[in-house]
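Coordinate inspection notes
Okay, here's what each chain looks like letter by letter:
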Amino acid sequence: MITVNRIVYAVFETPDLEAQIEHYTKIMGLTLVARDGDSAYLSASADHHTVVLRKGTEARCDTLGFQLPPGTDLGDYARQIESHGLTTKRQSDPQPSISEALVFSDDKGTNIEAFVSAEPANIGFQPQGIVPNKLGHVAYNCTDVQSTVKFYCEVLGFKVSDWMGDFFAFLRCGPDHHTINLVQGQKTKMHHIAFELRDWTHIRDACDWLAQDRIPLVWGPVRHGIGHNISTYHRNADGQIIELFCELDRVNEALDCYDPRPYHQEFPQKSGKVWEDIQLGANMWGTPPPEGFLD
Ligand SMILES: [Fe+2]
């Protein structure tokens, strides 16, 4: 089975393109690497773009870009995806830096662009703003979480890293504990987009940077039990939640467990646990999410 290797970018529609560009450049420290018409391409460091912003009528996440392993034949990949009854399309130049991709939709209506190679941005890390390492994961509310988990695992080759009860799944496609999170909701929408920072002091500096612009945290700092990452959450110009995290568990795939850490609950901490203690899974440090956070 051909499985996607990593998440590279997320594409957003926004009714206020300039305000979103300002948040992702001035606050988040991404670099505006290209702009054409009503689209803007922003890079964290190595990839040509990490976030794409397109002017639209509503704030929503429209598309995710995933990289396939080197040498993957897109024709073989198309046959694999179509064997699940899905329709795919080969697209030339779907994004700047990408010459060819296979495009299809997941079961909740998010577009997937899967590609083998892309030209890097080569901009390095900028001196001002939060400046994350990379896009870490994207979380969604979905109306049938079991069905969407099945899709990501059976069609795209993701693995279940952990469950919170039977309503919140954390899925991986590489060494990071989660790349896609899916939580049962009343409607389908992106819940948050998460960027990896370097360490706890980077999170402190990011919070100080947000405070300079009077952007409040909506939750955190927390130490999640699930994934064990330290995280904060704030909102961007469109009101979407942005997570900043560090110290996310990394999996040893052969042993199906996470590299040991002193704050783990089990030794070894095995993959695929169902966390019934919701508070521990959500925040080992205690403070629960604000009312309605998961809606
Ligand atoms: Fe997250």
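Residues numbered from 1 in each chain as written. Predicted model: local features only at pLDDT ≥ 70, side-chain atom pairs only at ≥ 80, totals over all residues. Heavy atoms only, no water.

1. Brief notes about the overall build of the protein
Counting its regular elements, the protein contains 5 helices and 20 strands. C-alpha atoms of the protein, sized along the principal axes, occupy 50 × 45 × 35 Å. Across the 295 residues of the protein, 53% fall into the buried class. Nonlocal contacts in the protein, meaning residues at least 24 apart in sequence, comprise 65% of its contacts between residues at least 6 apart. Accessible surface, the protein: about 12600 Å² in total, of which carbon and sulfur atoms supply 49%. Both charge centroids of the protein, one from 25 positive and one from 40 negative side chains, sit 1 Å from each other. (Helix = DSSP H or I, 4+ residues; strand = E, 2+ residues; numbered from the N terminus. Buried < 20%, exposed > 50% of the residue type's maximum accessible area, 1.4 Å probe, protein only. Contact = heavy atoms within 4.5 Å. Areas by Shrake-Rupley, 256 points an atom, 1.4 Å probe, with all protein chains shown as cover. Lys, Arg positive; Asp, Glu negative; His and termini not counted. Charge placed at Lys NZ, Arg CZ, Asp CG, Glu CD.)

2. Examining the packing of aromatic side chains
A complete count under the given rule lists 11 aromatic pairs for this structure. Against the face of Tyr263 rests Arg223, its NZ or CZ located 3.6 Å from the ring centre. Sitting above the plane of the Trp275 ring, Lys273 keeps its charged end 3.9 Å from the centroid. (Phe/Tyr/Trp six-rings, centres within 6.5 Å; stacked < 30°, edge-to-face > 60°. Lys NZ or Arg CZ within 6 Å of the ring centre and 35° of its normal.)

3. Description of the layout of surface pockets
The computed volume of the largest pocket comes to approximately 430 Å³. Lining of the largest pocket is provided by 23 residues; of these, Ala59, Thr188, Lys189, Met190 and His191 occupy positions nearest its centre. Of all the secondary-structure elements, those providing two or more residues to the lining of the largest pocket are strand E5 (60–67) and strand E13 (189–196). (1 Å grid on protein atoms, 1.4 Å probe; cavity = no way out; pocket = protein on both sides within 12 Å on 5 of 7 lines; lining within 4 Å. Points joined across faces, edges and corners; volume = space filled by probe spheres on them.)

4. With respect to the pattern of salt bridges
Counting across every chain of the model gives 17 salt bridges. Where Asp47 meets Arg6, a salt bridge forms, and the shortest distance between an N and an O atom there is 2.6 Å. On the criterion of sequence distance, the pair formed by Asp47 in the loop between strand E3 (39–43) and strand E4 (51–55) and Arg6 in strand E1 (residues 6–14) is long-range, its members being 41 residues apart. When its relative accessible area of 30% is taken as the criterion, Arg6 is described as partly exposed. Across the pair Asp62 and Arg60 runs a salt bridge, and its minimum N-O distance is 3.2 Å. For Asp62, a relative accessible area of 14% puts it in the buried group. The exposure class assigned to Arg60 is partly exposed, which follows from its relative accessible area of 32%. Linked by salt bridges that have partners in common, Lys159, Arg172, Glu253 and Asp256 make up one network. (Salt bridge = Lys/Arg side-chain N within 4 Å of Asp/Glu carboxyl O.)

5. Section: the UniProt feature "domain: VOC" (unreviewed entry) in the protein
Here the UniProt-annotated "domain: VOC" (unreviewed entry) positions come out as residues 6–117 and 134–247. Spanning residues 6–117, this segment combines 18% helix with 47% strand, and its end C-alpha atoms are found 12 Å apart. (UniProt positions renumbered as here; feature names shortened; annotations may be inferred.)

6. Observations concerning the pairing of strand E8 (residues 111–115)
For a regular strand, the rule is simple: side chains alternate between the two faces of the sheet. Most of E8 is tucked away, with 4 of its 5 residues classed as buried. The pairing of E5 with E8 spans 5 bridges and is classified as parallel. Considered in E8, the bridge of Thr63 is made with Asn111. Relative to E8, strand E7 (residues 98–105) runs antiparallel, the two being bridged by 4 bridges. Among the inter-strand pairings, Val103 is bridged to a residue of E8, identified as Glu113. In sequence, E7 turns back onto E8 through a hairpin of 5 residues, with Gly109 there showing a positive phi of about 100°. (Pairing = 2+ DSSP bridges.)

7. Examining the domain arrangement of the protein
Once the domains are mapped, the protein shows domain 1 (6–115) and domain 2 (134–282). A separation of 20 Å is found between the C-alpha centroids of domain 1 and domain 2. Each side of the interface is counted separately: domain 1 has 37 residues, and domain 2 has 34 residues. Taking both partners together, domain 1 and domain 2 bury about 2600 Å²; carbon and sulfur atoms supply 68% of that area. Linking domain 1 to domain 2 there are 1 salt bridge. A salt bridge links Asp213 to Lys26, with the shortest nitrogen-to-oxygen separation between them at 3.2 Å. Applying the counting rule to domain 1 against domain 2 returns 13 residue pairs in polar contact (both at pLDDT 80 or more). (Domains from an automatic or database assignment. Buried area = accessible area lost by both parts, 1.4 Å probe. Polar contact = N/O pair within 3.5 Å; in protein donor to acceptor, adjacent residues only side chain to side chain.)

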